[in-house]
Amino acid sequence: MKIMEINNIMDDTEIRVKGINALYKSLGSAAAMRFLILLHKNPTDYVEISRTIYQDQTIDEIFTRSKQNWQD
């Protein structure tokens, strides 16, 4: 058994699979595919995306939400 499995930490493949499944559930297959193509086609400014996502949220709010979704 891998150390990652023992600690319930997802490996890179598992994260990719779950992420793609989340995209398909949220956007539908056509929009999810377009999103993935856009990621590979255009450079992405992840700092700007983070600023937009977390705008008007405190560090405590972000941390609390993170803890709610963290799996030990």
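J.: Could you clarify how one ought to interpret the confidence of the model for the chain in this entry?
T.: Where the model shows low pLDDT, its predicted coordinates should not be examined in detail. The predicted model of the chain averages 82 in pLDDT, with 86% of residues at 70 or higher. Averaged pLDDT values over the elements of the chain bottom out at 50 in helix α1 (residues 3–6) and peak at 91 in helix α2 (residues 12–27).

J.: Any chance you could explain the pattern of salt bridges here in plain terms?
T.: For side chains of opposite charge, pairing can occur when their charged atoms come near one another. For the structure on display, the rule yields 1 salt bridge. In this structure, Glu-48 engages Arg-51 in a salt bridge whose closest nitrogen and oxygen atoms are separated by 3.8 Å. Of this pair, Glu-48 and Arg-51 both sit in helix α4 (residues 46–53), separated by 3 residues, roughly a single helical turn. Of the residues examined, Glu-48 reaches a relative accessible area of 38% and is grouped as partly exposed.

J.: Which parts of the structure should I look at to understand α2?
T.: Because an α-helix completes one turn every 3.6 residues, residues spaced three or four positions apart along the sequence face the same direction. In a regular helix each residue adds 1.5 Å, so 16 residues correspond to 22 Å; α2 covers 22 Å between its end C-alpha atoms and thus fits that length. Between the side-chain oxygen at the start of α2 and the backbone nitrogen of Thr-13 there is a gap of 3.3 Å, and the oxygen is on Asp-11. Once α2 ends, the next one or two residues include Gly-28, with phi positive near 90°.

Definitions and cut-offs
- Residues numbered from 1 in each chain as written.
- Predicted model: local features only at pLDDT ≥ 70, side-chain atom pairs only at ≥ 80, totals over all residues.
- Heavy atoms only, no water.
- pLDDT = per-residue confidence, 0-100.
- Helix = DSSP H or I, 4+ residues; strand = E, 2+ residues; numbered from the N terminus.
- Salt bridge = Lys/Arg side-chain N within 4 Å of Asp/Glu carboxyl O.
- Buried < 20%, exposed > 50% of the residue type's maximum accessible area, 1.4 Å probe, protein only.
- Expected span 1.5 Å × (residues − 1).
- Polar contact = N/O pair within 3.5 Å; in protein donor to acceptor, adjacent residues only side chain to side chain.

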